[in-house]
Amino acid sequence: MSAGSKEDQDVVAVILRDHRTMEDLFRRMRSVESDRAAALREFSALLVAHGEAEETEVYGALKRFRDIDDDEVEHGTEEHAEGNEALLALLEVEDVGSDAWDSRLEDLVQAVSHHLDEEERTILNGARENVPDERRAELATAFLEERAKQLASDCGDIENVRKIVNR
């Protein structure tokens, strides 16, 4: 996706693209034919960068618009914490593909999939309908900048995830 693409001009489209990538990474982490550890590293970085960018650049801005439920935005933050806790539990399992790893992977999939579904229905649909195009473009730029900054800082590293979970 080029930096100036139409999708990059809409924060809703940018967030949805990350959601689909997360779902693809879930499939890779479940597949014994895949490099599951590499998929987990990629997923960990994306989940943390995505959540941090949403919380710092998007959620607060969306609360200012009518017809976007502030309680749902707060709930989204709580669900990020639950996803990060499930991610840390999986990262702490050393034997990729063990029963413990598979079990914790399913806990992570469940927590994050629930959040993605709920966020798309309650927050993103409201943003698409109630936030002007220009503002969605500004939010997309801010989101992508924060996300890139997080990714550059190795945000998916287990020690960083531990810090986020414990703050």
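Residues numbered from 1 in each chain as written. Predicted model: local features only at pLDDT ≥ 70, side-chain atom pairs only at ≥ 80, totals over all residues. Heavy atoms only, no water.

Before going further, it helps to examine unusual backbone geometry. A positive phi is found at aspartate 154, a non-glycine position, where the angle reads about 60°. Along the chain, the position of aspartate 154 falls in the loop between α5 (133–152) and α6 (158–165). (Helix = DSSP H or I, 4+ residues; strand = E, 2+ residues; numbered from the N terminus.)

Here the focus is the pattern of salt bridges. If you walk through the whole model with that rule in mind, you get 16 salt bridges. Notably, a salt bridge pairs aspartate 10 with arginine 136, separated by 2.9 Å at the nearest N-O pair. Placement of aspartate 10 in the segment before α1 (11–30) and of arginine 136 in helix α5 is noted, with a sequence separation of 126 residues between them. One exposure class covers both aspartate 10 and arginine 136, and it is buried. (Salt bridge = Lys/Arg side-chain N within 4 Å of Asp/Glu carboxyl O. Buried < 20%, exposed > 50% of the residue type's maximum accessible area, 1.4 Å probe, protein only.)

Here the focus is the side chain of histidine 80. Following the sequence through the fold, histidine 80 ends up in helix α3 (residues 70–91). Accessibility expressed as a relative area gives 8% for histidine 80, which makes it buried. Within the local environment of histidine 80, its side chain forms a polar contact with the side chain of glutamate 55, the two groups lying 2.7 Å apart. Of note is the side chain of histidine 80, whose polar atom sits 3.1 Å from the side chain of histidine 115. Setting aside chain neighbours within four positions, we find histidine 80 in contact with Gly51, Glu54, Glu55, Tyr59, His115 and Glu119. (Polar contact = N/O pair within 3.5 Å; in protein donor to acceptor, adjacent residues only side chain to side chain. Contact = heavy atoms within 4.5 Å.)

Let us now look at the packing of α1 against helix α4 (residues 99–130). The contact between α1 and α4 brings their axes to 11 Å, and the two run at 165°. For the element pair α1 / α4, the angle class is roughly antiparallel. Judged by the sense of rotation from one axis to the other, the crossing of α1 with α4 is left-handed. Among the residues making up the contact of α1 with α4, the classes are represented as 14 nonpolar, two polar and seven charged. (Axes fitted to C-alpha atoms, helices over the stretch in contact; angles between N-to-C directions. Parallel < 35°, antiparallel > 145°, perpendicular 65-115°, else oblique. Left-handed = near helix turned anticlockwise from the far one by under 90°. Nonpolar A, V, L, I, M, F, W, Y, C, P; charged D, E, K, R; others polar.)

Our next topic: α4. At 3.6 residues per turn, the α-helix brings residues three or four places apart onto the same side. Its 32 residues place the ends of α4 45 Å apart at the C-alpha level, agreeing with the 46 Å of an ideal helix rising 1.5 Å per residue. Where α4 bends most, the angle comes to about 40°, and this point is glutamate 120. (Expected span 1.5 Å × (residues − 1). Bend = angle between axes of the 7 residues up to and from the residue.)

All right, on to the nonpolar core then. Generally speaking, a soluble globular protein has its nonpolar side chains buried in company with each other. By size, the foremost hydrophobic cluster in this structure holds 27 residues, and its most contacted members are Met29, Phe43, Leu87, Leu108 and Val112. Elements with a minimum of two residues in this core: α1, α2 (36–62), α3, α4 and α6. Those residues in contact with methionine 29 that lie beyond four places of it in its chain are Arg36, Ala39, Leu40, Phe43, Trp101 and Leu105. Counting residues in hydrophobic clusters, the runner-up holds 19 residues, among them Leu62, Ile68, Val73 and Ala127. (Core = buried A, V, L, I, M, F, W, Y, C linked by side-chain atoms within 4.5 Å.)

Once that is clear, we can look at the packing of aromatic side chains. For the coordinates displayed, the defined rule picks out one aromatic pair. A ring pair is formed by phenylalanine 26 and phenylalanine 43, whose centres lie 4.9 Å apart and whose planes are at 35°; its orientation type is tilted. Of this pair, phenylalanine 26 sits in helix α1 while phenylalanine 43 sits in helix α2; the two residues are 17 residues apart in sequence, bridging distant segments of the chain. The exposure class of phenylalanine 43 is buried, given its relative accessible area of 0%. (Phe/Tyr/Trp six-rings, centres within 6.5 Å; stacked < 30°, edge-to-face > 60°.)

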